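One-letter residues, chain by chain:
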Amino acid sequence: MKILMVSAECVPFAKTGGLADAVAALAGSLSNLGHDVKIVMPRYYKIDRKTLNKLEGPLGVPVGIGQEWTAVYSTDLPGFPKATVYFLDHENCFGRDGVYGTKQESDFHDNPYRFSLLCHGALQVCNKLGWYPDIVHAHDWSAGLAPVLVKHVCRSQPAFSKTASVFTIHNMGYQGVYGKDKFTDLGIDWGLYYGAGFERNGAINFLQAGISSADMVTTVSPTYAKEIQTAEGGFGLDGLLRVRSDVVKGIVNGVDTEVWNPAKDELIPAKFTSKNLKGKAECKKALQEFFGLPVNPDIPVIGMIGRLVSQKGVAEVFAPGYGSMWGICSSMNVQVVLLGSGDKWCEDEINCLQAKLPNFRAKIGYNEKLSHLIEAGSDFFLMPSQYEPCGLNQMYSEMYGTLPIVRRTGGLADTVQNYNEQTGEGTGFMFDSLTPQAIYDTVGWAVFAYYNKKDHIKKMQKRAMEQDFTWDNSCHHYEEVYKEALKRGCNID
């Protein structure tokens, strides 16, 4: 199949979160399976033109009430020479720091115009190349206009008459909501304000329009696909998703096993496999040394990596006088290490805790090498998310024999198997209610097993490391979704 990916971000060129990793890995893996895959994204300020190939001639893109002219650059997707990335180069829209905003302006005021230029431009790139996709696969609200264009604008043109659209929701919490006055920026007929599903509470909602117009809608885990159809998880769009439930599918993201693989990871001090965990013990020693903790192979180390925001359950872990971390470190014989950044109150409380607790250490910020060391050297990984569309760290943890302690939600529920005390089955420890007590009790459960059920822990580590989280598995599910989209959108079997 010919597949066009439309995304605001893609590693290694631009990244704000897991979306960038997923787009690159999915596109690359599909290309390895023989599909003709192209990605269109903006050329942001930090993407050096000198490293790219410029296509001849400017590209005219209809947007707003007129037309913009952009340059187009291209390069191979690193690691996947059969997949090509095309960049729309427009200085006014994309020649700035930040993908969606900056610390000073968290949501750029002209985002509707910027990302409408991306979606129109992606389809104009197809015209420029004389290459017309079977599938336009749009990712998240910033590409929400693309399915609208496929259904209501392009499909009437012979070149796009057999093109279907797929829209992937990576996080329902981000919907691209702007005032109605911005609708003229989209470069489409006013009849589509209602007709394509943009209107919501008198404003425009890009995510809602993508869901309304796409031939198929996917999200990043089967459980999350169910949760977003409930009032609790739908962020106001659950009714629409229930109406379209026959086209909503959940597919778990894969893991880039070239980057995350303890058998060949160059960022950790010792490699290891499920058959020989000696290297994991060396990683644990290095981790304890890095954080200045007593080097003791018999004390369980609990790792945490991530954004320090409410979605990740940080209040229930760190909030002063409320969170469970003080009790965990004060009453259990454990060591806890953390790498992350986010809300200032949480960063401040973490710094306060590590000044008072000798067995709690943290590094505020992000460091790729340290994240690998934490995954490899920890015994457990704590991930108490309020909601988690897919999640990657729990899968990284399992691949490195680090048992996740997670809330039963979204992708966490789909990728972690709960411990069975009688048989020793499972790959991690799960709880349901997001409360400090539930977190404390589940950490205590894991620590008890560590000290008293060592044979179970070893059995769980081996089973966790043997799970199949490769993208090849996910790609086969996407291939089925693409076929269904063509059938629904273009009557192609």
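Cut-offs used in this document
Residues numbered from 1 in each chain as written. Predicted model: local features only at pLDDT ≥ 70, side-chain atom pairs only at ≥ 80, totals over all residues. Heavy atoms only, no water. Axes fitted to C-alpha atoms, helices over the stretch in contact; angles between N-to-C directions. Helix = DSSP H or I, 4+ residues; strand = E, 2+ residues; numbered from the N terminus. Parallel < 35°, antiparallel > 145°, perpendicular 65-115°, else oblique. Contact = heavy atoms within 4.5 Å. Nonpolar A, V, L, I, M, F, W, Y, C, P; charged D, E, K, R; others polar. Buried < 20%, exposed > 50% of the residue type's maximum accessible area, 1.4 Å probe, protein only. Pairing = 2+ DSSP bridges. Phe/Tyr/Trp six-rings, centres within 6.5 Å; stacked < 30°, edge-to-face > 60°. Lys NZ or Arg CZ within 6 Å of the ring centre and 35° of its normal. Right-handed = clockwise from strand over helix to strand, strands pointing away.

S.K.: Quick question: what am I supposed to make of the packing of helix H1 (residues 18-32) against helix H18 (residues 471-490) here?
M.R.: The description of two packed helices rests on the angle between their axes and on the distance between the axes. The geometry of H1 relative to H18 is characterised by a closest axis approach of 10 Å and an angle of 80° between their N-to-C directions. One element, H1, and the other, H18, form an angle in the roughly perpendicular class. Here Ala-22, Ala-25, Leu-26, Ser-29 and Leu-30 of H1 lie close against H18, whose contacting residues are Trp-471, Asp-472, Cys-475, Tyr-478, Glu-479 and Tyr-482. For the contact of H1 with H18, the per-class residue count stands at eight nonpolar, one polar and two charged.

S.K.: How should the pairing of strand S14 (residues 301-308) be read in this particular structure?
M.R.: One face of the sheet, then the other: side chains in a regular strand alternate in exactly this way. S14 sits mainly inside the fold: six of its eight residues count as buried. As paired elements, S14 and strand S15 (residues 335-342) share eight bridges and run parallel to each other. What sits directly across from Met-304, in S15, is Leu-338. Alignment of S14 against strand S17 (residues 380-383), held across two bridges, turns out to be parallel. Across the sheet, the residue bridging to Gly-303 is Phe-381, located in S17.

S.K.: I would appreciate a short explanation of the packing of aromatic side chains in the present structure.
M.R.: The geometry of two aromatic rings is summed up by the distance between their centres and the angle between their planes. Under the defined criterion, the tally for this structure stands at 28 aromatic pairs. Between the aromatic rings of Tyr-178 and Phe-206, the centroid separation amounts to 6.2 Å while the plane-to-plane angle is 80°, which identifies the pairing as edge-to-face. Of this pair, Tyr-178 sits in strand S9 (residues 177-179) while Phe-206 sits in helix H6 (residues 206-213); the two residues are 28 residues apart in sequence, bridging distant segments of the chain. Across the pair, exposure class does not vary: Tyr-178 and Phe-206 are buried alike. Geometrically, the ring pair formed by Phe-290 and Phe-291 is edge-to-face, given 5.1 Å between the ring centres and 80° between the ring planes. A relative accessible area of 47% means that Phe-290 is categorised as partly exposed. Its relative accessible area of 9% is what places Phe-291 among the buried residues. Clustering of aromatic rings is evident, with ring pairs tying together Tyr-100, Phe-115, Trp-141, Tyr-178, Phe-183, Trp-190, Tyr-193, Tyr-194, Phe-198 and Phe-206. For Lys-38, the ring lying beneath its charged end belongs to Trp-131, and the centroid distance is 4.9 Å. Its guanidinium or amino end placed over the ring of Phe-115, Arg-114 lies 5.1 Å from that ring's centre, counting from NZ or CZ.

S.K.: So what exactly am I meant to see when it comes to the sheet that holds S9 here?
M.R.: Hydrogen bonds along the backbone pair up the strands of a sheet, which may run parallel or antiparallel. With antiparallel pairing, the three strands of this open sheet are ordered in space as S9-S11-S10. Looking at which strands have only one partner, the edges of the open sheet turn out to be S9 and strand S10 (199-200). Strand direction decides the pairing type here: S10 and strand S11 (residues 203-205), joined by two bridges, are antiparallel. Looking at the pairing, Glu-199 lines up with Ile-204 of S11.

S.K.: Quick question: what am I supposed to make of the pairing of strand S2 (residues 36-42) here?
M.R.: The buried count for S2 comes to six of seven residues, which makes it a mostly enclosed element. Across five bridges, the pairing between strand S1 (residues 2-6) and S2 is parallel. Counterpart to Leu-4 in the pairing with S2 is Lys-38. One crossover worth recording links S1 to the parallel S2 by way of H1, and it is right-handed. Here S2 pairs with strand S6 (residues 80-89) via five bridges, running parallel. Considered in S6, the bridge of Met-41 is made with Phe-87.

S.K.: Quick question: what am I supposed to make of the sheet that holds S17 here?
M.R.: With parallel pairing, the six strands of this open sheet are ordered in space as S16-S15-S14-S17-S18-S19. The two strands at the open ends of the sheet, each matched to only one other strand, are strand S16 (360-364) and strand S19 (429-431). The sheet shows a mean angle of 15° between the axes of neighbouring strands, direction not considered. Strand direction decides the pairing type here: strand S18 (residues 403-407) and S19, joined by three bridges, are parallel. If you follow Ile-405 over to S19, its bridge partner there is Phe-429. Here helix H12 (residues 344-356) sits on the sheet and contacts S14, S15 and S16; the angle it forms with S16, its principal contact strand, is near 140°. Across the sheet, helix H13 (residues 368-377) lies against S14, S15, S16 and S17, angled at about 140° from S14, the strand it touches most.

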